Amino acid sequence: MPLLWLSMAFILGLLLAEALPLPWLVYAGLAAVLGLLAWLEQRRGWWKAWRKWCRLPVALVLAAVMLGGLRAQLARPAWLPSELGWHNDLYASARVEGVLAVPPDQRESGTLLRLRAERLLVNGQIYPVSGLLQARVKQAGNWQYGDAVALQGRLLTPPEGGGFSYRDYLERQGIYSYMLFPQVEDLPSAPRSGLLRGLYALREQAYRRLQGFLPHDEAALLGGIVLGIESDIPAEVERDFQDTGTAHIVVISGFNIAILAALFARLVGRFFTRWWIPPLAGLGVVLYTLMVGGQPPVTRAALMGVMGLLGEQLGRRQSGVNSLAFTAALMCLFNPQLPYDASFQLSFAATLGLVLYAAPLQNGFEAWVERRWGEAAAKRWGGPVSEYVLFTLAAQLTTLPVIVLHFQRVSLSALIANPLVLPVQPLIMVLGSLTALAGLVFAPLGQLLAWLVWPLLAYTLRAAHLLAKLPGGALDTGAVLPLWALVFYALLLLLTLRWKQIAARKAPLRFAALAAGLMAASALVWQAVLARPDGRLHLILLDARGGPGLLVITPRGQTLLVESDSASPTALRRALGRRLPLLNRQLDALLLAGGAPSAANLQGLAARQVFAVPEPADESPWTSLAENGRIGLEGGVELELETPCAQGAALTLRYGDFSARMPGGCEEDQEALLWVETAGGDPLLAVAQGRMEINGARQPALPPGGWLELVTDGQQVWVYKSR
């Protein structure tokens, strides 16, 4: 228990330093003072009430918090000329020489290169520098991990905006510099890092063999499962797995490493005593980690999975929690940015769920089966149900807040999908690994094994695709404050610590569960009733902090969002969260009507079809509205493109005798957003940035988070406005 307190206090200190960036000397001084107070507290016996919770002096726990803050402050870049980030945005063009720190990430829109910089050349001057540089290049090259290259281009600070901060995302990985489409030159120096370079090269070669053995989707899925190569997995396939709560099997993450560790432990336990479980199961996880290249996220997930398994198998659950917390704190000591990393959070939460709840769930299920069908049935069904349902449920329970925070989406069909998909995954991992290895040694044998694993991969893809189509199978939650995640974990901790006392009061517990279930069901029913189409057209103008969003709901309930390039996706998601039905959060269509559509427009906005005006770039997966000039919606509603321009496009929406015009910056009034006339041609509504008129009368502008709604049956129009 003391180890748990100190470890979590240290991690809390890392988070505290982000909110309270005091100089490192202040944190060091406070840690020293608190260390002295801890010694005095231990001798004089202060805070006796505290000792009921923790045997450590309270000052010592606070000292660990200060040490965490000290480590975070010491990890901040010094911003000296020897740091690459110091030179950001200073030169029109610069040449950066170094070695590739990770394998190139090749995508349809370009290739991502991550360079460990060694020299900077500007105007004939040479600066020895250190630091990581992220670059996006247009061409695809035959680069490998450890190659020496030179990048010539504008050295920039990573961008941010559009509801997503690419700068923060890179800084969490220790990257402070960015180049967009630089020129790349291969340097003649010898490649570095021979061992990892060899592992990555074998992985790439194995994946090329898989592409030759299997159809594209099956090869991409197997590459993600056994090799950790995710770049070729189609977006629609990723979406299917996300919607069904089975995304953990597609890529190598903390979630499936934790599941893998539990499965290895179960397998070893069938043939060996419990003392052999940690080393043999841990060895299986380590070998798997090395096979996929030993990337940092996978290594971290594997380390936490093995340590959690070790503590669980060697003693009480408390031992598993202690070892898991210590491992997390040790990793954060080497990389203070880890607490903000989504993969780290998922790895920690998934392993914690298995440590705390896997064994109790399995024991409870076996006891329940034994009471009804006997001991033989409990032994026969306990293992499979635990491996494929209960272990997954335990990990999903503790990863739920992390998934909601980062992905704003919850799968409601996961409890159906996982029991259907998970049973074949161990066989896929075994046969897939053998296929990859055999393909490197003897291609015909690899092809034979690929034919054996293909039906399992095809089954996984088809099952995920069919289950993703279930109505209400996935729930878009929108942006959620981190405070709610803390509340969830606090309540979960309370239930875990006091479960015996709570379970002893069966009658109140059953009544509370029944009441909560009835309230939730009533809320869902009323929400579904209120969200039913009313046979009228609704136009809802949403304030989106920096740009508007127009939500169109047709008389039959079809939804279309017209989004400007300046709108904040985060603000739009929050506004849409109040308008879209709870069990159907996906838009039918999304129209990007800004001047320069980019991927930022799609951040967290789920739509079945995406249109763009003006015509998108070649690599964009969107449909150009200029191809046919109109979008036909259900119920006789039509959106027509009238005047495309550099700023966007003028659009007209028609329904019966009603029409609304969205100038889109293409007319004299560049700030005009929406214009509606009566049948006689008189202005009914005119909305622009900062001003609004209804029936010719000036109205206050929309407040932050406000809305304006027009409802029409094709003849009459009703106008509603938030206060």
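Residues numbered from 1 in each chain as written. Predicted model: local features only at pLDDT ≥ 70, side-chain atom pairs only at ≥ 80, totals over all residues. Heavy atoms only, no water.

Draft legend 1. How the structure looks around the overall build of the protein chain. When helices and strands are tallied, the protein chain shows 20 helices and 26 strands. Residues counted as buried form 46% of the 723 residues belonging to the protein chain. (Helix = DSSP H or I, 4+ residues; strand = E, 2+ residues; numbered from the N terminus. Buried < 20%, exposed > 50% of the residue type's maximum accessible area, 1.4 Å probe, protein only.)

Draft legend 2. Quick look at the packing of aromatic side chains. A complete count under the given rule lists six aromatic pairs for this structure. The interplanar angle of 85° and the centroid separation of 5.3 Å between the aromatic rings of W79 and Y176 together place this pair among those described as edge-to-face. With W79 in the loop between α3 (58-75) and β1 (94-100) and Y176 in strand β7 (residues 175-180), this pair connects stretches of sequence that are 97 residues apart. Judged by relative accessible area, W79 falls into the partly exposed class, the value being 36%. Their ring planes at 80° and their centres at 5.8 Å tell us that F488 and Y489 sit as a pair that is edge-to-face. Residue classification places F488 among the partly exposed residues on the basis of a relative accessible area of 27%. (Phe/Tyr/Trp six-rings, centres within 6.5 Å; stacked < 30°, edge-to-face > 60°.)

Draft legend 3. Inspection of unusual backbone geometry at higher detail. Positive phi is not limited to glycine here, since D89 has a value of about 65°. Following the sequence through the fold, D89 ends up in the loop between α3 and β1. The phi torsion at N123 lies on the positive side, around 50°, for a residue other than glycine. Among the secondary structure elements, N123 is positioned in the loop between β3 (110-122) and β4 (125-128).

Draft legend 4. Layout of the pattern of salt bridges. Inspection of every chain in the model, using the stated rule, returns eight salt bridges. Ionic pairing is found between E185 and R95, a salt bridge with its closest N-O pair at 2.8 Å. Of this pair, E185 sits in strand β8 (residues 183-186) while R95 sits in strand β1; the two residues are 90 residues apart in sequence, bridging distant segments of the chain. Between R462 and E218 there is a salt bridge, and its shortest N-O distance comes to 3.7 Å. (Salt bridge = Lys/Arg side-chain N within 4 Å of Asp/Glu carboxyl O.)

Draft legend 5. Inspection of the nonpolar core at higher detail. Ranked by internal contacts, the top residues of the largest apolar core, which has 38 residues, are M66, V321, C332, F344 and L352. Going through the elements one at a time, α1 (2-19), α2 (24-44), α3, α11 (317-334), α12 (342-373) and α13 (375-407) are the ones with two or more residues in this core. One finds L541, L641, Y655 and I694 within the second-largest nonpolar core, a separate group that totals 34 residues. (Core = buried A, V, L, I, M, F, W, Y, C linked by side-chain atoms within 4.5 Å.)

Draft legend 6. Quick peek at the side chain of E709. In this structure, E709 sits in strand β25 (residues 707-712). Taking the relative accessible area as the measure of exposure, E709 reaches 10% and is therefore buried. Engagement of the side chain of E709 in a polar contact is seen with the side chain of H538, the distance being 2.7 Å. Residue contacts for E709: discarding those within four places in its chain leaves H538, L539, I540, R579, W718, V719 and Y720. (Polar contact = N/O pair within 3.5 Å; in protein donor to acceptor, adjacent residues only side chain to side chain. Contact = heavy atoms within 4.5 Å.)

Draft legend 7. Local environment of the pairing of β3. In this structure, β1 lies alongside β3, joined through six bridges in antiparallel fashion. Directly across from R95, in β3, lies its bridge partner L121. Relative to β3, strand β2 (residues 105-107) is paired through three bridges, and the arrangement is antiparallel. In the sheet register, D105 faces β3, and the bridge partner there is L112. The pairing of β3 with β4 spans four bridges and is classified as antiparallel. Bridging from a neighbouring strand, R119 pairs with P128 of β4. (Pairing = 2+ DSSP bridges.)

Draft legend 8. Region of the structure containing the packing of α12 against α13. Close contact between α12 and α13 brings their axes to 6 Å; oriented N to C, the two are set at 150°. One way to sum up the angle between α12 and α13 is to call them roughly antiparallel. Our pair here, α12 against α13, has a crossing hand that is right-handed. (Axes fitted to C-alpha atoms, helices over the stretch in contact; angles between N-to-C directions. Parallel < 35°, antiparallel > 145°, perpendicular 65-115°, else oblique. Left-handed = near helix turned anticlockwise from the far one by under 90°.)

Draft legend 9. Geometry of α1. The end-to-end C-alpha distance of α1 is 26 Å, a good match for the 26 Å that 18 residues give at a rise of 1.5 Å each. The complete set of buried residues in α1 reads L4, S7, A9, F10, I11, G13, L14 and A17. (Expected span 1.5 Å × (residues − 1).)

Draft legend 10. Geometry of the confidence of the model for the protein chain. Across the protein chain, pLDDT averages 78, with 76% of residues at or above 70. Scored below 50 in pLDDT, residues 596-601 makes 17 contacts in the model with residues more than four places away or belonging to other chains. (pLDDT = per-residue confidence, 0-100.)

Draft legend 11. Quick look at the packing of α13 against helix α14 (residues 414-421). Following both chains from N to C, one finds α13 and α14 inclined at 135°, their axes separated by 9 Å at the closest point. With respect to α14, the element α13 is oriented oblique. The handedness of the crossing between α13 and α14 comes out as right-handed. Residues Y388, V389, T392, L393 and Q396 of α13 form the contact with α14, whose participating residues are A414, L415, N418 and P419. Per-class residue counts for the contact of α13 with α14 are six nonpolar, three polar and no charged. (Nonpolar A, V, L, I, M, F, W, Y, C, P; charged D, E, K, R; others polar.)

Draft legend 12. Region of the structure containing helix α7 (residues 235-243). Among the residues of α7, V237, D240, F241 and D243 are the ones counted as buried. Take α7 and look down its axis: the buried residues cluster within an arc of 165°, on one side only. In the stretch just after α7, G245 is the one whose phi turns positive, near 70°. (Arc of directions from axis to C-beta.)

Draft legend 13. Geometry of a nonpolar patch on the surface. Taken together, the side chains of L481, L483, W484, L486, V487, L491 and L494 define a hydrophobic patch exposed on the protein surface, amounting to about 750 Å² of accessible area. Relative to the elements of secondary structure, V487 occurs in helix α17 (residues 482-497). (Patch = residues over 30% accessible without salt bridge, like charges linked within 9 Å, V, L, I, M, F, W, Y side chains within 5 Å. Areas by Shrake-Rupley, 256 points an atom, 1.4 Å probe, with all protein chains shown as cover.)

Draft legend 14. Representation of the environment of A247 within the structure. Residue placement: A247 occurs in the loop between α7 and α8 (254-269). Contacts of A247, omitting those with residues within four sequence positions, involve F241 and Q242.

Draft legend 15. Structural context of the side chain of T652. With respect to the helices and strands, the residue T652 is situated in strand β19 (residues 649-655). One polar contact links T652 to R661, side chain to side chain, over a distance of 3.5 Å. With residues near it in sequence (within four places) discarded, T652 still touches E638, L639, E640, E642, S659, A660 and R661.

Draft legend 16. Expanded view of the pairing of strand β14 (residues 589-592). Across the two faces of β14 the burial is the same, with A589 and L591 and L590 and L592 all buried. When strand β13 (residues 559-563) meets β14, the two strands line up parallel, connected through four bridges. Residue pairing for β14: V562 is matched across the bridge by L591. Bridge count between β14 and strand β15 (residues 610-612): three bridges; the pairing is parallel.

Draft legend 17. Representation of the environment of L470 within the structure. The residue L470 is located in the loop between α16 (443-468) and β10 (474-476) in this model. Expressed as a C-alpha distance, the spacing of L470 and D243, which sit 227 residues apart in the sequence, is 9.6 Å.

Draft legend 18. Quick look at the environment of A342. Structurally, A342 can be placed in helix α12. Between the C-alpha atoms of A342 and L405, which are 63 residues apart in sequence, the distance is 9.4 Å. Setting aside residues no more than four positions away along its own chain, A342 makes contact with V402 and H406.

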